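Survey of secondary and tertiary structure
Below are the chains, spelled out letter by letter.
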Amino acid sequence: MEKVIIVRYAEIHLKGKNRGYFEHIFCVNLEKALKGLRHELRRTSGRYLVAAFDEADAEEICTRISRVFGVHSYSKGYRVPNDLDGILEAALRICPASGTFKVDTHRADKRYPMTSPQLNAEIGARLLDAHPSLRVDVHTPEHVVYLDIREDGTALVFGSFEEGVGGMPVGTSSKGVLLISGGIDSPVAGYMMAKRGMEVEYLHFHSYPYTNEQARDKVIELARILSRYTGGEFVSTVKVTHIQEEIHKKCAAELNVTLLRRFMFRIAECVARKKGAKCLITGESLGQVASQTIEGITSSNAVVTLPVLRPLIGFDKEEIILRAKKIGTFETSVLPYEDCCTVFLPEFPAIKPKLSFIEEEEAKLDVDALVQEALDSLERFPLH
């Protein structure tokens, strides 16, 4: 009998002849998640087994597995020979000595000589013989003993299914650059794209000395929390103080944020191309703030050729907050440190600016020189 943690994947089973590619990346991501913990990762048909681990690490292993995109569910249990005695020995460890129970069998090996109902009845009867205080309840049992009969002559015996985060393995949907601020929205946007298999690079814009190092450290901490899911290693930061000062001096005040966003997109596209990323990711939600109207979004899109993904575009704030709390970024996001978008914030920002007016005001600036100066300020900070 061997203690194992059973991992089942989500959408990968739909991938047909390409499934091997997705399974390989999924396996690599599991190994990354379990780095530093003693274990063996084994692949069997439609399952991954974590074995040979220290019992003291079992909960930590489960926690890390629960954050790996592509995991449908996982269970702590036992791997035993598929004979009745071996199965019963494990079932006795899973099932308490009293209360109501049932046995639930899945046979991946259809050649097994007993059907699922026959196995349920046989193992259930043996459990009743061993523990007379048990009672069978097939509808609402207090305890379930799950049997998974595998094709390799073994059985997996466990007592519960724990929910994974689902989605696709990170790295199966290319790479994107997330424009991460210190707010609530952008970390959730990065999480959602990583859940669809996208590798996420983090890019943060700051306005030192108008914003302080605590604001930067807040963003690094947000990226560190996200990296538990996305596997990212660094945050890149770019200084845009000089751009904001030039906009403030030379351009219409109501366009301060709109023009800054256009610069951010230009800079982000340069960074993305250098890193081999195929898109930009933002936390914008339609109509949430003045720069997130269709007109504002169109203005930002106009200066880049890479696609811009906005996974939160139809979400309201409460929906975003709920997701931020679920993934663990909310408490950090609400720490009171300003980001660059709050610097030189106009009293009445433009809600529906005309692109022709934006371009006219932007023509007052040396765009290329300002972008290059920002790129020259790029720094990278490790997350681990």
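Residues numbered from 1 in each chain as written. Predicted model: local features only at pLDDT ≥ 70, side-chain atom pairs only at ≥ 80, totals over all residues. Heavy atoms only, no water.

Right, let's talk about the overall build of the protein chain for a bit. Helix and strand counts for the protein chain come out as 13 helices and 15 strands. Taking 384 residues into account, the globule formula puts the C-alpha radius of gyration at 21 Å, and the protein chain, at 27 Å, lies well above it. Judged by the C-alpha coordinates and their principal axes, the protein chain covers about 85 × 35 × 35 Å. Split by element, the accessible area of the protein chain, about 17900 Å² in all, is 51% carbon and sulfur. Positive and negative side-chain charges of the protein chain, numbering 49 and 53 respectively, have mean locations separated by a distance of 4 Å. (Helix = DSSP H or I, 4+ residues; strand = E, 2+ residues; numbered from the N terminus. Rg over C-alpha atoms; globule rule 2.2 N^0.38 Å. Areas by Shrake-Rupley, 256 points an atom, 1.4 Å probe, with all protein chains shown as cover. Lys, Arg positive; Asp, Glu negative; His and termini not counted. Charge placed at Lys NZ, Arg CZ, Asp CG, Glu CD.)

Take helix α6 (residues 213-230) next. Residue pairs spaced three or four apart in an α-helix point in one direction, given the helix's 3.6 residues per turn. A rise of 1.5 Å per residue sets the reference length of α6, with its 18 residues, at 26 Å; its end C-alpha atoms lie 24 Å apart and thus fit the reference within 8%. Among the residues of α6, the N-terminal cap falls to Asn 212, whose side-chain oxygen and the backbone nitrogen of Gln 214 are separated by 3.1 Å. Phi turns positive one or two residues past the end of α6, at Gly 231, with a value near 80°. (Expected span 1.5 Å × (residues − 1). Polar contact = N/O pair within 3.5 Å; in protein donor to acceptor, adjacent residues only side chain to side chain.)

All right, on to the packing of aromatic side chains then. The geometry of an aromatic ring pair is captured by two quantities: the separation of the ring centres and the angle between the planes. For the structure shown, the criterion picks out ten aromatic pairs. Considering the side-chain rings of Phe 69 and Tyr 191, the 5.1 Å spacing of their centres and the 65° angle between planes classify their relative orientation as edge-to-face. A residue pair is termed long-range when its members are at least 10 positions apart, and Phe 69 in the loop between α2 (58-65) and β4 (71-81) and Tyr 191 in helix α5 (residues 185-195) qualify at 122 residues. Residue classification places Phe 69 among the buried residues on the basis of a relative accessible area of 1%. Of the residues examined, Tyr 191 reaches a relative accessible area of 10% and is grouped as buried. (Phe/Tyr/Trp six-rings, centres within 6.5 Å; stacked < 30°, edge-to-face > 60°. Buried < 20%, exposed > 50% of the residue type's maximum accessible area, 1.4 Å probe, protein only.)

By size, the foremost hydrophobic cluster in this structure holds 33 residues, and its most contacted members are Leu 178, Ile 180, Tyr 191, Tyr 202 and Ile 281. Of all the elements in the fold, those that place two or more residues in this core are α5, β11 (199-206), α6, β13 (279-281) and α10 (317-327). With near-sequence residues (within four places) excluded, Tyr 191 lies in contact with Phe 69, Val 165, Leu 226, Tyr 229 and Ile 327. Cys 251, Ala 277, Val 303 and Val 371 belong to the second-largest nonpolar core, a separate cluster that totals 32 residues. (Core = buried A, V, L, I, M, F, W, Y, C linked by side-chain atoms within 4.5 Å. Contact = heavy atoms within 4.5 Å.)

Quick look at the sheet that holds β13 now. Taken together, the six strands give an open sheet; going across it, the order is β14-β13-β10-β11-β12-β15, and neighbouring strands pair in mixed fashion. Taken across any chain shown, the strands that pair with only one partner, and hence form the sheet edges, are β14 (308-309) and β15 (379-382). Examined bridge by bridge, β11 and strand β12 (residues 234-239) share five bridges and lie parallel to one another. Residue pairing across strands places Tyr 202 opposite Val 235, the latter belonging to β12. (Pairing = 2+ DSSP bridges.)

Once that is clear, we can look at the domain arrangement of the protein chain. One can read the domain layout of the protein chain as domain 1 (2-163) and domain 2 (175-382). Measuring from the centre of the C-alpha atoms in domain 1 to the corresponding centre in domain 2 gives 44 Å. (Domains from an automatic or database assignment.)

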